[in-house]
Structures are given as structure tokens and as C-alpha cells.
Amino acid sequence: MNYLKLENIKKVFSNNSKDDFIALNDVNLEIKESEFICLLGPSGCGKSTILRMIAGLETPSSGSIIYKDKKIYKAQKDIGMVFQNYSLMPWLTVQDNIVLGPKFSKVSKNERKDIANHYLEMINMTEFGGVYPYELSGGMQQRVAIARALANNPDVLLMDEPFGALDAYTRIVLQKELLKIWEKHKITVVFVTHSVDEAAYLADKVVFMKSKPGRIYKEIPIIMPRERKREDPQFGKITSELLQLFEENNKIKK
Ligand SMILES: Nc1ncnc2c1ncn2[C@@H]1O[C@H](COP(=O)(O)OP(=O)(O)OP(=O)(O)O)[C@@H](O)[C@H]1O
Ligand SMILES: [Mg+2]
């Protein structure tokens, strides 16, 4: 079965004033069920565009996205997305934010309460169900955003630099929590990051992209048992290999 597959994707953005811009060209990628993929690459190489296309928020100019053997044309209920800027609804409490999807799907009030409690527990925020997003730190808001995505029971979770704005320590804590959730729910994750450290810690496979035009340059399987330790020399070796790819990319541009 083709679980999730990008086939010969090209994405052109048309501009009224300037020439058409080729954001992605000839992108081919196969993602297996329950795999944790990190998309890594310089700014502007098309990482978010790939996620937005898988999410059905953007359509490829040519090529196809195949999900569970079918071509996708629009947003899928079982593909969830977590954005960089948390994107919680400021007028809803934490628990109402978490069960927004189930509410749209007409899940009963009692059941929604159970779902909210379950995820509040999972993100260690049981006492925060009744507060509003502005009362929370960035790390807490991001936990809620992850809980909200999970409350829809997705098979695939797309995450666009979800920890980019967090301090280094909170980021490490949330990476660890995310891996626990991923292991427990056996979801497939496509995670965008700029950070070689984050990619080496999280991914089964790192997909390194280059820009102008955006394309996949290399797929690097990360063969290191979990829980990975940053102090392990093997971890250092992986991060330097990934960093080397950024350096190669810069040299070509000069
Ligand atoms: N709606 C749009 N209209 C025109 N150009 C766009 C649009 N969306 C993205 N682009 C261009 O496509 C390219 C890829 O953008 P994208 O946001 O996917 O990059 P990225 O790899 O996610 O970058 P970053 O790491 O900075 O988030 C960029 O050059 C961007 O300017
Ligand atoms: Mg982006």
C-alpha cells in the first residue's frame, strides 16, 4: 500500500507583477505508516509548502499526493496539522480549544468532556482546562495545540516548526513528550524544523531539502535507538553530518 506518497510534485506560485516562481520541483517522497519524518532545510526551500499540500491547504501545480492509495485533493479528517504560532482560539478556554474538532463532528458534550480530560492529562495540564490561552506560556500553548490536533484522532500529524519559538529547555521537554505520544498512538509524523539537533533527536528519517528551486536533496535514515542521548558520540556524529549538508548548500549558492 502507498501510505503517504508525494509523486513528481511541482508547485509554481503565480505573481501578477513578477515571473512565476517555482517553489518546488520534482519532489518525490514516500512516507511509511508510523514513520517519523523530519523535513530539514534552509529558509524558503518549500518545507511549509509541502506540509500545506499534504494538509490539503494548497494544491500542487502538477504531480500528486497519494494517501492510503488515493489521490488527495482536499483536507482529510485524519490528517492533522500543528502550526508554528500555536493558532489557538483566544476566545475559547483550553478545554474548548482541545475539543474544537470533536465539537464540529457533533460529538456529545459529555464525550467531549472526557476527551478534553484525557488530553489535558496527557499534556500534564489537568488544572488548566478552564483558563484562556493568553494566561499560558508559549510552551503550554504549544502543548494545547498538540492536544487539539490529537483530539481529532489523526493518523498523520503534520507539524510546522512547532517548537521554533520556545526556549531551549522547554523545546527539549516537548520533543520528549511528542515521542512518547508518537510511540503510544503509532501516528505518522511529518515534522518541519531548521534544527539539526531536533531532527537528529526525533526522526526515523531526515529529508534534507535545498532551495531555488525547492527540492529534496538527500534522505538520511537516522539509525540510532531511542531514547536518544545527546551526549552519545553517535548523536554528535549525526548532527555534524546534517550540518555539513547546510554548508554544502551554502557553498553552491556562493
Ligand atoms: N502563497 C505564496 N505566494 C507566493 N510565493 C509563496 C507563497 N507561499 C510560499 N511562497 C514562496 O515559496 C517558497 C517556499 O516557501 P515555504 O514557506 O514553503 O518555505 P519554508 O521552507 O517553509 O521556509 P521557512 O523555513 O522560512 O519557513 C518561498 O520562496 C516563498 O516565498
Ligand atoms: Mg516554513
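Model, not experiment: these values are computed from the prediction. (Residues numbered from 1 in each chain as written. Chains lettered and ligands numbered in written order. Predicted model: local features only at pLDDT ≥ 70, side-chain atom pairs only at ≥ 80, totals over all residues. Heavy atoms only, no water.)

**Some remarks on the pattern of salt bridges**
Here comes step 1: What the rule picks out here adds up to 14 salt bridges.
Here comes step 2: Of the charged contacts in the structure, one is a salt bridge between Lys5 and Glu7, with a shortest N-O distance of 3.5 Å.
Here comes step 3: Look at Lys5 and you get buried, because its relative accessible area is 17%.
Here comes step 4: For Arg52, the salt bridge identified is with Glu58, shortest N-O distance 3.3 Å.
Here comes step 5: On the accessibility criterion, Arg52 (30% relative accessible area) is partly exposed.
Here comes step 6: Beyond isolated ion pairs, a larger network of salt bridges with shared partners links Lys11, Arg52 and Glu58. (Salt bridge = Lys/Arg side-chain N within 4 Å of Asp/Glu carboxyl O. Buried < 20%, exposed > 50% of the residue type's maximum accessible area, 1.4 Å probe, protein only.)

**Brief notes about the site of ligand 1**
Here comes step 1: Taken together, 13 residues surround ligand 1, and among them Ser43, Gly44, Lys47, Ser48 and Thr49 come closest.
Here comes step 2: Contact between ligand 1 and Gly44: an oxygen atom at 2.8 Å from a main-chain N or O atom of the residue.
Here comes step 3: Between ligand 1 and the protein, one listed contact pairs an oxygen atom with a side-chain N or O atom of His194 at 3.0 Å.
Here comes step 4: Against a free-state accessible area of 640 Å², the protein chains account for coverage of 61% of ligand 1.
Here comes step 5: At the level of secondary structure, the elements contributing two or more residues to the shell around ligand 1 comprise strand 2 (21-31) and helix 1 (47-54).
Here comes step 6: Counting residues per element, the shell around ligand 1 draws most heavily on helix 1, which supplies three residues.
Here comes step 7: Taken together, the residues that form the shell around ligand 1 break down as five nonpolar, six polar and two charged. (Near = heavy atom within 4 Å. Polar contact = N/O pair within 3.5 Å; in protein donor to acceptor, adjacent residues only side chain to side chain. Areas by Shrake-Rupley, 256 points an atom, 1.4 Å probe, with all protein chains shown as cover. Helix = DSSP H or I, 4+ residues; strand = E, 2+ residues; numbered from the N terminus. Nonpolar A, V, L, I, M, F, W, Y, C, P; charged D, E, K, R; others polar.)

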